[in-house]
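Structural description and commentary
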Amino acid sequence: MKNFDINEDPHRRYNPLINEWVLVSPHRSKRPWQGQNEAVVSNELPQYDPTCYLCPGNARINGEVNPTYENAFVFENDFAALKQEEIIFEEDIKETFFKAKPERGISRVVCFSPRHDLTLPQMEVSGIENIVHTWQKEYTDLGAVDYINHVQIFENKGSVMGCSNPHPHGQIWAQSSLPTEVEKTQANLKAYFDKHNRTLLQDYVQEELKLEERIVVENEHFVALVPFWAIWPFETMIVSKRNVNKITDFTEEEVSDFALTLKQLTTKYDNVFETSFPYSSGIHQSPTDGELHPEWHFHMHFYPPLLRSATVKKFMVGYEMMGESQRDITPEKSAEVLRTQSDVHYKNKL
């Protein structure tokens, strides 16, 4: 028998947002790596690419021509995952094992910058502020549509994450139903709020700020941290310090601090392996169903796949697919690695 050491011994950690567990195996991070390496894409991109369908003034695949935009630019996705047409549907409750129903929605693309070669960490804070204002407008406009009950703002960065175009951009999918992950989060946030009359993340962030073990970036209005229950090696979450339900509740000071946090966090990501760090990120905020949701607390997830270097990716296979999520490097160690990175992008140091 030995005393439990959270930094060395296998253990499970609980995620209260989705009511699930993750297996942490810190001793496995010492094993030698002989698995797959990803090719590093290090080509320098031009400021403008005449073949890019997202660059200003270029034609997209459907023949429409982009305006010569100077800031963030939004358009309807030419290959939308959701359609706006209303479909007549009568559910047959007898079909127990083969349930299906139409899903209605709107898909949009948000180009972050006219520059083909700039990602978030390389942009000025003012440019990121413009993106935040664009997200606010889209959340308001899409959420006002009578059949839209959820607006999902997200970004897939890098070919490893399935991004087909390197031009800096994100997407917005607005739909009539709550997506599965959001529905799970909704249930747990509401259960906590109903019991304590405070938001779950409001209390969680206060505890994290006391411990200072997993904090990566902090300013007056936001904190970026590696969640105690993180699954991906360098997973992080940005949370508002104030109890803000949605992005449109931000003050102008909060918009600026959120933009600064995005720049600092993504810069630290790039600096870890001196590469354009791939990730999927997404904002979780109050649904747009017309109801009051005091249980919601604004937060943004970052799920990067890189593990040991710019060429080693974390895979969700085997046990993760059949049992539960698992990680080797502890969240505390990940936070330390990210926290100690410079706020100056590595390309600017050269």
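Residues numbered from 1 in each chain as written. Predicted model: local features only at pLDDT ≥ 70, side-chain atom pairs only at ≥ 80, totals over all residues. Heavy atoms only, no water.

**Details of the sheet that holds strand β2 (residues 20-24)**
- Reading across from one edge, β1-β2-β14 is the order of the three strands in this open sheet, with mixed pairing throughout. Edge strands, defined here as strands with exactly one partner in the open sheet, are β1 (11-15) and β14 (325-327). Put simply, the sheet's adjacent strands are angled 30 degrees from each other on average, direction ignored. (Pairing = 2+ DSSP bridges. Helix = DSSP H or I, 4+ residues; strand = E, 2+ residues; numbered from the N terminus. Axes fitted to C-alpha atoms, helices over the stretch in contact; angles between N-to-C directions.)

**With respect to helix α2 (residues 180-196)**
- Helix length check: α2, at 17 residues, gives a terminal C-alpha distance of 25 Å against a target of 24 Å (1.5 Å per residue), a fit within 8%.
- All buried positions along α2 are accounted for by V182, T185, Q186, N188, L189 and F193.
- In this structure, the buried side of α2 is in contact with β5 (150-157), α3 (200-211) and β10 (279-284).
- Count one or two residues on from α2 and you reach N197, which has phi positive near 60 degrees. (Expected span 1.5 Å × (residues − 1). Buried < 20%, exposed > 50% of the residue type's maximum accessible area, 1.4 Å probe, protein only. Contact = heavy atoms within 4.5 Å.)

**Some remarks on helix α4 (residues 252-273)**
- Compared with the 32 Å implied by 1.5 Å per residue over 22 residues, the 33 Å span of α4 between its first and last C-alpha is a close match.
- Among the 22 residues in α4, 16 count as buried, and that is most of the element.

**Quick word on the packing of helix α1 (residues 125-143) against α4**
- Running from N to C, α1 and α4 cross one another at 115 degrees; their axes reach a closest spacing of 8 Å. Between α1 and α4 lies a crossing of right-handed hand. Contacts from V125, I128, E129, V132, H133, W135 and Q136 of α1 reach α4 at E252, V255, S256, F258, A259, L260, L262 and K263.
- In terms of residue class, the contact of α1 with α4 is made up of nine nonpolar, three polar and three charged. (Left-handed = near helix turned anticlockwise from the far one by under 90°. Nonpolar A, V, L, I, M, F, W, Y, C, P; charged D, E, K, R; others polar.)

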